[in-house]
Amino acid sequence: QVQLVESGGGLVQPGGSLRLSCAASGFTFSTSDMSWYRQAPGKERELVATINIMGRTSYADSVKGRFTLSRDNAKNTMYLQMNNLKPEDTAVYLCKAVYVLEYGRNFWGKGTLVTVSS
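In short, a report on the structure. (Residues numbered from 1 in each chain as written. Predicted model: local features only at pLDDT ≥ 70, side-chain atom pairs only at ≥ 80, totals over all residues. Heavy atoms only, no water.)

Topic: unusual backbone geometry
Most of the time, phi is negative for any residue but glycine, and the peptide bond is trans.
Argument step 1. We note that Asn84 has phi near 50°; this positive angle belongs to a residue other than glycine.
Argument step 2. Take Asn84: it is sitting in the loop between β8 (77-82) and β9 (91-100).
Argument step 3. Judged by relative accessible area, Asn84 falls into the partly exposed class, the value being 42%.
Argument step 4. Phi at Tyr99 takes a positive value of approximately 50°, unusual for a residue other than glycine. (Helix = DSSP H or I, 4+ residues; strand = E, 2+ residues; numbered from the N terminus. Buried < 20%, exposed > 50% of the residue type's maximum accessible area, 1.4 Å probe, protein only.)

This is the structure in structure tokens:
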């Protein structure tokens, strides 16, 4: 079965850094585009960044220049390096596999909480 497991969240002060990981299993990771979303309490889920199967990335304007998305197909893992974190970055961060070929659908992880506060 498909599994997406996020890790690396936690409490960090404004200006600090975290690196999130999404470990994937149960499908051919290298043939799926991957995305990070985030959702804060009472707010809509928003797309943070996407990386396609060729490694091309795109970012939301709110994180551009601060976050860096990457993937390691040999390790079936996607990463999100988050620098210069701001309180408004506080949210549950969720990993998404876009259109898994073996199943013909998207898959989501359960999320990891990032809290940016003094």
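Some remarks on the nonpolar core
Argument step 1. Counting 31 residues, the largest nonpolar core has Leu4, Met34, Trp36, Met78, Leu80, Met82 and Tyr93 as the members making the most contacts within it.
Argument step 2. Broken down by secondary-structure element, the contributors of at least two residues to this core are β3 (18-25), β4 (33-39), β5 (46-51), β7 (67-72), β8, β9 and β11 (112-116).
Argument step 3. Here this core takes five residues from β9, the largest share from any one element. (Core = buried A, V, L, I, M, F, W, Y, C linked by side-chain atoms within 4.5 Å.)

Focus: the packing of aromatic side chains
Argument step 1. Taken as a whole and assessed by the stated rule, the structure comprises three aromatic pairs.
Argument step 2. Ring centres of Phe27 and Phe29 lie 6.4 Å apart, and the angle between their planes is 55°; this geometry places the pair in the tilted category.
Argument step 3. By relative accessible area, Phe27 is classed as buried at 9%.
Argument step 4. Phe29 sits in the buried class, given a relative accessible area of 2%.
Argument step 5. The ring of Trp108 has Arg45 sitting right over it, with the charged end atom 4.6 Å from the ring centre.
Argument step 6. Sitting above the plane of the Phe107 ring, Arg105 keeps its charged end 4.0 Å from the centroid. (Phe/Tyr/Trp six-rings, centres within 6.5 Å; stacked < 30°, edge-to-face > 60°. Lys NZ or Arg CZ within 6 Å of the ring centre and 35° of its normal.)

Details of the pattern of salt bridges
Argument step 1. As enumerated under the stated definition, the model contains four salt bridges in all.
Argument step 2. Glu46 is the partner of Arg38 in a salt bridge, and the nearest nitrogen-oxygen pair spans 2.7 Å.
Argument step 3. When salt bridges with common partners are traced through the structure, they connect Arg38, Glu46, Arg66 and Asp89 into a single cluster. (Salt bridge = Lys/Arg side-chain N within 4 Å of Asp/Glu carboxyl O.)

Quick notes on the state of the cysteines
Argument step 1. Evaluation of the coordinates by the stated rule reveals one disulfide.
Argument step 2. Across the disulfide from Cys22 sits Cys95; the S-S distance is 2.0 Å. With the S-S dihedral at roughly -70°, the linkage between Cys22 and Cys95 falls on the left-handed side. You can see Cys22 sitting in strand β3 and its partner Cys95 sitting in strand β9, a full 73 residues away along the chain. (Disulfide = S-S within 2.5 Å.)

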